[in-house]
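# Fold and contact review
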Amino acid sequence: MATIAPPPSKRQRREDLERSQIQADVIPAPIEAGSFKARFVDSDSNQLAEVVEIPLADASEKNVSLLLNTLLGRDKDEFTPYKFRIHLPGSDVILDKYPSPSEFLAVLRAHGVANPFETTLTLSAEPQSVFRVQAVTRLSHKISGHGQPILACQFSPKNSKFLATGSGDCTARIWDADTGTPKCTLTGHTGWVLVVSWSPCGTWLATGSYDKTVRIWDPETGKPIGKPLTGHSKWVTGLAWEPYHMWQDGAPRLASSSKDGTVRVWNPIVGRADHVLSGHKGNVTCVRWGGIGLIYTASQDKTIKCWNAADGTLAHTLNGHAHWVNHLATSSDFVLRTSYHDHTRNVPETVEAKRAKAKERFEKAAMRQGKVVERLVSASDDFTMYLWGDPNESTKPLQRMVGHQKQINHCSFSPDGNLIASASFDNHVKIWSAKDGRFLNSLRGHVAPVYQCAFSADSRLLVSCSKDTTLKVWNMQTFKLAVDLPGHEDEVWAVDWSPTDSRVGSGGKDKAVRLWCR
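All of these numbers come straight from a predicted model, not from anything done at the bench.

## Concerning the UniProt feature "repeat: WD" (unreviewed entry) in the protein
The feature "repeat: WD" (unreviewed entry), as given by UniProt, occupies residues 143–185, 186–227, 229–267, 277–317, 401–442, 443–484 and 485–518 in the numbering adopted here. In residues 401–442, the share of helix is 0% and the share of strand is 52%. The end C-alpha atoms are 13 Å apart. Taken end to end, residues 485–518 comprises 0% helix and 53% strand; its first and last C-alpha atoms sit 11 Å apart.

Structural data, given as structure tokens:
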């Protein structure tokens, strides 16, 4: 008969547990001695500084960023953080993820660079925001009030204190994000409120509805400004305010797109349409008002049209998609949305100074090789996206972006204009280079269709919302999941990241507004 060993005692089990929790010392791999030559270029391939030799032991991304700032002659308090991409010599391969010093040689040799010590590497330097937004990590407020699902949400650009939401209960509401309490209820629509949009100055709020009307509101009082803007024969699908630096005499204009196939350019002050942009043969799904005087519209007729904002005439038609175009984004969306509001919170005192600051921010964000260029990306039901350049130079796309396996519902440029994010019904978010449309990474984590995504103001983080009832925050440095945010009780249809701080607002089928913070 076999002898069975007695079970371990309580003391033995405790000692085994303690030993298992002690982390063994890890001896880092030695960094091979040597150095390499680095040539720094900007996003337009212009050389920034002289070629320098960098020791491998000091070749971390942080140290290389400090070196470049020193070469550019900046004072310490003016240093700009950089992210680097490595262009491999003799090929078109670009390493998007900068390796650590201990991995540097191995990564280069794995990509065919036999002797890095005798090679000059080109490092593309992309400036990062000087401020940093922290990832949201917890639910700060769950606010009830809407009687039907929430269909749209957007933070105010002025100070991000207020969040506006539109709902199937025929109302829009403004919430105080600091206290998690309702500020005012905007009543008057007789159909679902499908879209909400703050003016760039933050002093007006526009809403578009299933009842075919557009309404303008005073967010301080919750009272309507003027009469409803009527003229569309079907429901309103999108809203876009005129960029602040293009306002004439302080009077803004507003563009609205509709299921009726038209876009109307309104003068809210007098309550009438200045122009009716008709030319699409199907539902206009999205409208964007660019900073160079063009209005961009996307339609279910598979086309994108560019209109002259001044007189409402058709300037260009962009063809390429094989199915409905669902969404548009421009590289200047963020700076046009926030106008003269930035992370410094220094608001100019006069209208002229505000307009000058808004124009300066736009031109800085859109400047490419000494020229203001506004790029456009379109997302479609044909599972593809197209990246478009200046339509005045060419109506052909710069890149056809393929990879999604189902319809693409939403797309967005990062505030710094370097990345594009796309949300699809294939459960994935994909990240692309905004410079050339090159695929960078897939963000896998959602288990159901992804409806929307939004970048943080510093472009380092991305939040996405899904049918799987969760929000997820992604790190744009590593393209990994940073934080998983369960908390909704049903599908999450709308999400927005505050343009000035670490705060996210979301809403969906469960009818409750949720505010998230760090």
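That covers the picture; the talk isn't over yet.
## Remarks on unusual backbone geometry
Backbone geometry places Ser339, a non-glycine residue, at a positive phi of 45°. You can call Ser339 buried: its relative accessible area is 2%.

## Some thoughts on the layout of surface pockets
One number sums up the size of the second largest pocket: a volume of about 1200 Å³. In this structure, the second largest pocket is lined by 35 residues; those nearest its centre are Pro127, Gln128, Lys364, Ala365 and Asp416. Contributing elements (two or more residues each) for the lining of the second largest pocket: strand S5 (120–127), helix H4 (333–338), helix H5 (351–366) and strand S24 (367–368). It is H5 that provides the largest number of residues to the lining of the second largest pocket, a total of 5 residues. When the residues that make up the lining of the second largest pocket are grouped by side-chain class, the tally is 14 nonpolar, 10 polar and 11 charged.

## Quick look at the nonpolar core
Counting 23 residues, the largest nonpolar core has Phe36, Phe40, Ile54, Phe84 and Phe104 as the members making the most contacts within it. For this core, the secondary structure elements donating two or more residues are strand S1 (35–41), strand S2 (52–55), helix H2 (61–71), strand S3 (82–87), helix H3 (104–110) and S5. Non-local contacts of Phe40, meaning those with residues more than four positions away in its chain, are made with Asn46, Gln47, Leu48, Ala49, Val52, Ile54, Val64, Leu67, Leu68, Leu71, Phe84 and Leu123.

## As for the packing of aromatic side chains
Scanning the model with the defined rule gives 14 aromatic pairs in all. Ring plane angle 40° and centroid distance 5.4 Å describe the contact between Trp192 and Tyr210, whose orientation is recorded as tilted. Of this pair, Trp192 sits in the loop between strand S10 (181–186) and strand S11 (193–198) while Tyr210 is found in the loop between strand S12 (205–209) and strand S13 (214–218), placing the two residues 18 residues apart along the sequence. Judged by relative accessible area, Trp192 falls into the partly exposed class, the value being 47%. For Tyr210, a relative accessible area of 40% gives the class partly exposed.

## Some remarks on empty space enclosed by the protein
Counting across every chain of the model gives 1 cavity of 30 Å³ or more. When its volume is computed, the largest cavity comes out at roughly 80 Å³. In terms of lining residues, the largest cavity is bounded by Lys83, Arg85, Glu126, Gln128, Ser414, Asp416, Asn418, Leu419, Ser459, Arg460, Met476 and Gln477. A breakdown of the residues in the lining of the largest cavity according to their chemical character gives 2 nonpolar, 5 polar and 5 charged.

## Considerations on the state of the cysteines
Tallying each qualifying case throughout the model produces 0 disulfides. Residue Cys306 stays outside any disulfide, its sulfur separated by 13 Å from that of Cys286, the closest cysteine.

## Considerations on the sheet that holds strand S19 (residues 284–289)
Taken together, the 4 strands give an open sheet; going across it, the order is S19-S20-S21-S22, and neighbouring strands pair in antiparallel fashion. Strands with a single pairing partner mark the edges of an open sheet, and in this sheet they are S19 and strand S22 (314–318). Put simply, the sheet's adjacent strands are angled 20° from each other on average, direction ignored.

## Looking at H2
Among the residues of H2, those classed as buried are Val64, Ser65, Leu68 and Asn69. Taken end-on, H2 shows its buried residues confined to a sector of 140°, consistent with a single buried face. Projecting away from the buried face of H2 at angles above 90 degrees are the exposed residues Lys62 and Thr70. Within two residues after H2, Gly73 carries a phi angle of roughly 75°, on the positive side.

## Some words on the pattern of salt bridges
Applying the stated criterion across every chain yields a total of 18 salt bridges. For Asp176, the salt bridge goes to Lys161, with nearest N and O atoms at 3.9 Å. Here Asp176, found in strand S9 (residues 172–176), pairs with Lys161, found in the loop between strand S7 (150–155) and strand S8 (162–167); they are 15 residues apart in sequence, far enough to count as distant. On the accessibility criterion, Asp176 (13% relative accessible area) is buried. For Asp436, the salt bridge is made with Arg438, and the minimal N-O distance between the two is 3.5 Å. We classify Arg438 as partly exposed; its relative accessible area is 23%. Shared partners join several salt bridges into a network, and the residues in it are Arg85, Asp96, Glu126, Asp436 and Arg438.

Criteria and cut-off values
One numbering rule holds for all chains: residues counted from 1, following each sequence as written. Whole-chain, interface and lining totals are the exception, using all residues; otherwise, since this is a predicted model, local features are given only for residues with pLDDT of at least 70 and side-chain atom pairs are given and counted only at 80 or more. In computing side-chain properties, one takes all heavy atoms of the structure into account and sets aside hydrogens as well as water. UniProt positions are given in the numbering used here, feature names are shortened, and annotations may be inferred rather than shown by experiment. A run of H or I in DSSP counts as a helix once it spans at least four residues, and a run of E counts as a strand once it spans at least two, with each numbered from the N terminus. Buried means the residue's accessible area, taken with a 1.4 Å probe over protein chains only, is under 20% of the maximum for its type, while exposed means over 50%, and partly exposed covers the values in between. Any residue with an atom within 4 Å of a point lines the site, the site being either a cavity, points on a 1 Å grid over the protein atoms alone where a 1.4 Å probe fits but cannot get out, or a pocket, an open set with protein on both sides within 12 Å along at least 5 of 7 lines. Grid points are joined across faces, edges and corners, and a volume is the space filled by probe spheres set on the points. Each residue is assigned to one class: nonpolar for Ala, Val, Leu, Ile, Met, Phe, Trp, Tyr, Cys and Pro, charged for Asp, Glu, Lys and Arg, and polar for all the others, Gly among them. Remark: nonpolar core denotes a set of buried residues (Ala, Val, Leu, Ile, Met, Phe, Trp, Tyr, Cys) joined through side-chain atoms within 4.5 Å. In what follows, a contact means two residues having at least one pair of non-hydrogen atoms within 4.5 Å. Centres within 6.5 Å are what make two rings of Phe, Tyr or Trp a pair, Trp counting through its six-membered ring; a difference in plane orientation under 30 degrees is then read as stacked, over 60 as edge-to-face, and the rest as tilted. Throughout, disulfides are identified as pairs of cysteine sulfur atoms within 2.5 Å of each other. Only strands joined by at least two bridges in the DSSP assignment are considered to pair. Axis definition: a line fitted to C-alpha atoms, over the contacting stretch in the case of helices. Angles run 0 to 180 degrees between N-to-C directions. Arc definition: directions from the helix axis to the C-beta atoms. Any Lys or Arg side-chain nitrogen located within 4 Å of an Asp or Glu carboxyl oxygen qualifies as a salt bridge.

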